[in-house]
There are 2 protein chains.
Amino acid sequence: YPATYGAPPAANDPMWGYFTAIAGQDGEVDSEELQRCLTQAGFTGSYSPFSLDTCRIMIAMLDRDYTGKMGFNEFKDLFTALNSWKQNFMMYDQDRSGTVEPHEMSQAIGAMGYRISPQALNGIVKRYSKNGRIFFDDYVACCVKLRALTENFRRRDTMQQGSVNFQYDDFILCTMAI
Amino acid sequence: YPATYGAPPAANDPMWGYFTAIAGQDGEVDSEELQRCLTQAGFTGSYSPFSLDTCRIMIAMLDRDYTGKMGFNEFKDLFTALNSWKQNFMMYDQDRSGTVEPHEMSQAIGAMGYRISPQALNGIVKRYSKNGRIFFDDYVACCVKLRALTENFRRRDTMQQGSVNFQYDDFILCTMAI
Ligand SMILES: [Ca+2]
Ligand SMILES: [Ca+2]
Ligand SMILES: [Ca+2]
């Protein structure tokens, strides 16, 4: 393909133009830019738009160098994850009330492959509920945090033993940003 | 003191009447009740009211039985903590712009006695900034999380060695609710 020789591989990607428009001059997407983009793209549809806080943890989930911004590949990863969480949520929210039940959220977390005790699941579901139901924004915030914390844990669990020895500073670093 | 014999000790506390009015029928304060109470009491003053998310983590910080609600003693503990964080914030925000600088927040965290590496501090401060400045709501959210995560860590660090061996489920339980 001599015509694209030397061009960045992303330039052929249909999402590239979209990304650069959102990212602006610095070529990366921060939480305000992400919130604007998800709102304008109508991603949340009839559900309430994502809060800035949820957008921040979306970025923190992928932001290994702690800049608070996302490059193109992270941006694509995020969209893939968001789309699957949305499909998941809509499957449970069949009447489009915008909320799912606590037991449905527990089921969903199990179906994503997480092995979490009933006690922990119960704590999680309560934390993300409002009046006993879970809204889309909180559902996504929960999925983002669970994925980010699990990845942070796994990356340190090199022997795959299900346990990690954390130094205080590292524990704070990998939990405070999420 | 025979007159108060048999009465709950809280009944003599000037904050008791206030607490029961907020708590309502179930005798405990949940995040919506807390948000209303802090807003109506004018706690945030000229600063923006606390978001519901910040109120949730305030409760999670003290909620060891994972009910999502606070009893009277937790309620008083929270007010003590909030008052000291507010004084702290106002000391740095001398022009009452409602924000403090990143380096001031780093200083404040150090002054609270936390020993955190520059790298972790930098990550924390970025996470709670908007356009390079920290608003009161985010400042408090950061203080709440830092205290809660540090307490969760310390409670497990029985030998006080600065390191804790976490099982995955316990790691998720003590970080997802915060
Ligand atoms: Ca940008
Ligand atoms: Ca109540
Ligand atoms: Ca409780």
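Residues numbered from 1 in each chain as written. Chains lettered and ligands numbered in written order. Predicted model: local features only at pLDDT ≥ 70, side-chain atom pairs only at ≥ 80, totals over all residues. Heavy atoms only, no water.

### Here's the deal with the coordination of the calcium ion (ligand 2)
Residues and elements named next belong to chain B.
Next up, step 1: Protein coordination at the calcium ion (ligand 2): the donors are A23 (O), D26 (OD), D26 (OD), E28 (O), E33 (OE) and E33 (OE), at 2.2 to 2.9 Å from the metal.
Next up, step 2: For the calcium ion (ligand 2), the 6 donor atoms in the first shell make angles of 48 to 161° at the metal, so the coordination geometry reads as irregular.
Next up, step 3: All donors of the calcium ion (ligand 2) belong to a single chain; written as a sequence motif, their spacing is A-x2-D-x1-E-x4-E.
Next up, step 4: The exposure class assigned to E28 is partly exposed, which follows from its relative accessible area of 26%. (Donors = N, O, S within 2.8 Å, 3.2 Å for Na, K, Ca; no water. Tetrahedral: all angles 85-135°; square planar, octahedral: opposite > 155°, others 65-115°. Buried < 20%, exposed > 50% of the residue type's maximum accessible area, 1.4 Å probe, protein only.)

### Concerning helix α2 (residues 31-40) of chain B
Residues and elements named next belong to chain B.
Next up, step 1: Taken residue by residue, α2 has S31, E33, L34, C37 and L38 as its buried positions. For α2, the buried positions fall inside an angular range of 155° around the axis, keeping them on one side.
Next up, step 2: For α2, the elements touching its buried residues are α1 (15-23), α3 (52-62) and α4 (72-92).
Next up, step 3: Once α2 finishes, G42 follows within two positions and takes phi at roughly 70°, a positive value. (Helix = DSSP H or I, 4+ residues; strand = E, 2+ residues; numbered from the N terminus. Arc of directions from axis to C-beta. Contact = heavy atoms within 4.5 Å.)

### Notes on the interface of chain A and chain B
Next up, step 1: Every contact between the two is made by 43 residues of chain A and, on the other side, 43 residues of chain B.
Next up, step 2: When the two sides are added together, the surface that chain A and chain B hide from each other amounts to roughly 4000 Å², 57% of it contributed by carbon and sulfur.
Next up, step 3: Contact with chain B buries area across many residues of chain A, yet R127(A), Y168(A) and M176(A) alone supply 20% of it, more than any other trio.
Next up, step 4: There are 17 residue pairs in polar contact (both at pLDDT 80 or more) connecting chain A and chain B.
Next up, step 5: Elements that contribute at least two residues to the side of chain A that touches chain B include exactly α3 (52-62), α6 (118-127), α7 (136-156), β3 (163-167) and α8 (168-176) of chain A.
Next up, step 6: Two elements, β3(A) and strand β3 (residues 163-167) of chain B, share 5 bridges in a ladder whose sense is antiparallel. Within the sheet, the bridge partner assigned to F166(A) lies in β3(B) and is V164(B). (Buried area = accessible area lost by both parts, 1.4 Å probe. Polar contact = N/O pair within 3.5 Å; in protein donor to acceptor, adjacent residues only side chain to side chain. Pairing = 2+ DSSP bridges.)

### Let's talk about the packing of aromatic side chains
Next up, step 1: A full pass over the atoms with the stated rule returns 38 aromatic pairs over all chains.
Next up, step 2: On the basis of an interplanar angle of 65° and a centroid distance of 5.4 Å, the ring pair of Y168(A) and F153(B) is categorised as edge-to-face. Here F153(B) lies in helix α7 (residues 136-156) and Y168(A) lies in helix α8, a pairing that spans two chains.
Next up, step 3: The class of Y168(A) is buried, set by a relative accessible area of 14%. (Phe/Tyr/Trp six-rings, centres within 6.5 Å; stacked < 30°, edge-to-face > 60°.)

### Concerning unusual backbone geometry
Residues and elements named next belong to chain B.
Next up, step 1: Residue R96 is not a glycine yet carries a positive backbone phi of 55°.
Next up, step 2: A positive phi angle is found at Q160, which is not glycine, with a value near 50°.
Next up, step 3: Looking at the secondary structure, you find Q160 in the loop between α7 and β3.
Next up, step 4: By relative accessible area, Q160 is classed as exposed at 70%.

### Brief notes about the relation of the copies chain A and chain B
Next up, step 1: Mapping chain A onto chain B calls for a screw motion: a turn of 180° about the axis and a shift of 0.0 Å along it, with 0.0 Å RMSD after fitting. Both chain copies can therefore be described as sitting about a two-fold axis. Using C-alpha coordinates, one finds that chain A approaches the rotation axis most closely at N165(A), a distance of 2.1 Å.
Next up, step 2: Comparing interface residues between copies, 100% of those in chain A also sit at the interface in chain B, which points to an isologous, same-surface contact. (Least-squares fit on C-alpha atoms with pLDDT ≥ 70 in both.)

### Focus on the pattern of salt bridges
Next up, step 1: If you walk through the whole model with that rule in mind, you get 17 salt bridges over all chains.
Next up, step 2: One salt bridge connects K69(A) with D26(A), and the closest N-O pair in it is separated by 2.6 Å. Here D26(A) lies in the loop between α1 (16-23) and α2 (31-40) and K69(A) lies in the loop between α3 and α4 (72-92), a separation of 43 residues in the sequence.
Next up, step 3: The class of D26(A) is partly exposed, set by a relative accessible area of 39%.
Next up, step 4: The partner of D138(B) in a salt bridge is K130(B), with the nearest N and O atoms 3.3 Å apart.
Next up, step 5: Residue classification places D138(B) among the buried positions, given a relative accessible area of 4%. (Salt bridge = Lys/Arg side-chain N within 4 Å of Asp/Glu carboxyl O.)

### Comments concerning the nonpolar core
Side chains that are nonpolar tend, in soluble globular proteins, to be buried together.
Next up, step 1: L34(A), I116(A), L34(B), I116(B) and Y139(B) are the most contacted members of the largest nonpolar core, which totals 118 residues.
Next up, step 2: Residues contacting L34(A), with those up to four places away along its chain left out, are V29(A), C55(A), M58(A), I59(A), M70(A), F75(A) and L78(A). (Core = buried A, V, L, I, M, F, W, Y, C linked by side-chain atoms within 4.5 Å.)

### Description of the packing of helix α5 (residues 102-111) of chain B against helix α6 (residues 118-127) of chain B
Residue and element names in this part refer to chain B.
Next up, step 1: Contact geometry of α5 with α6 gives a least axis separation of 10 Å together with a crossing angle of 125°. Between α5 and α6, the crossing angle belongs to the class labelled oblique. Between α5 and α6 lies a crossing whose hand is right-handed. For the pair α5 and α6, contact is made by P102, M105, S106 and I109 and by L121, I124 and V125, respectively. (Axes fitted to C-alpha atoms, helices over the stretch in contact; angles between N-to-C directions. Parallel < 35°, antiparallel > 145°, perpendicular 65-115°, else oblique. Left-handed = near helix turned anticlockwise from the far one by under 90°.)

### A look at the environment of I109(A)
Residues and elements named next belong to chain A.
Next up, step 1: Among the secondary structure elements, I109 is positioned in helix α5 (residues 102-111).
Next up, step 2: Look at I109 and you get buried, because its relative accessible area is 3%.
Next up, step 3: A C-alpha to C-alpha distance of 8.4 Å links I109 and L121, two positions 12 residues apart in sequence.
Next up, step 4: If sequence neighbours within four positions are ignored, I109 has contacts with Y114, I116, L121, I124, C142 and L146.

Coordinates in, geometry out; function isn't part of it.
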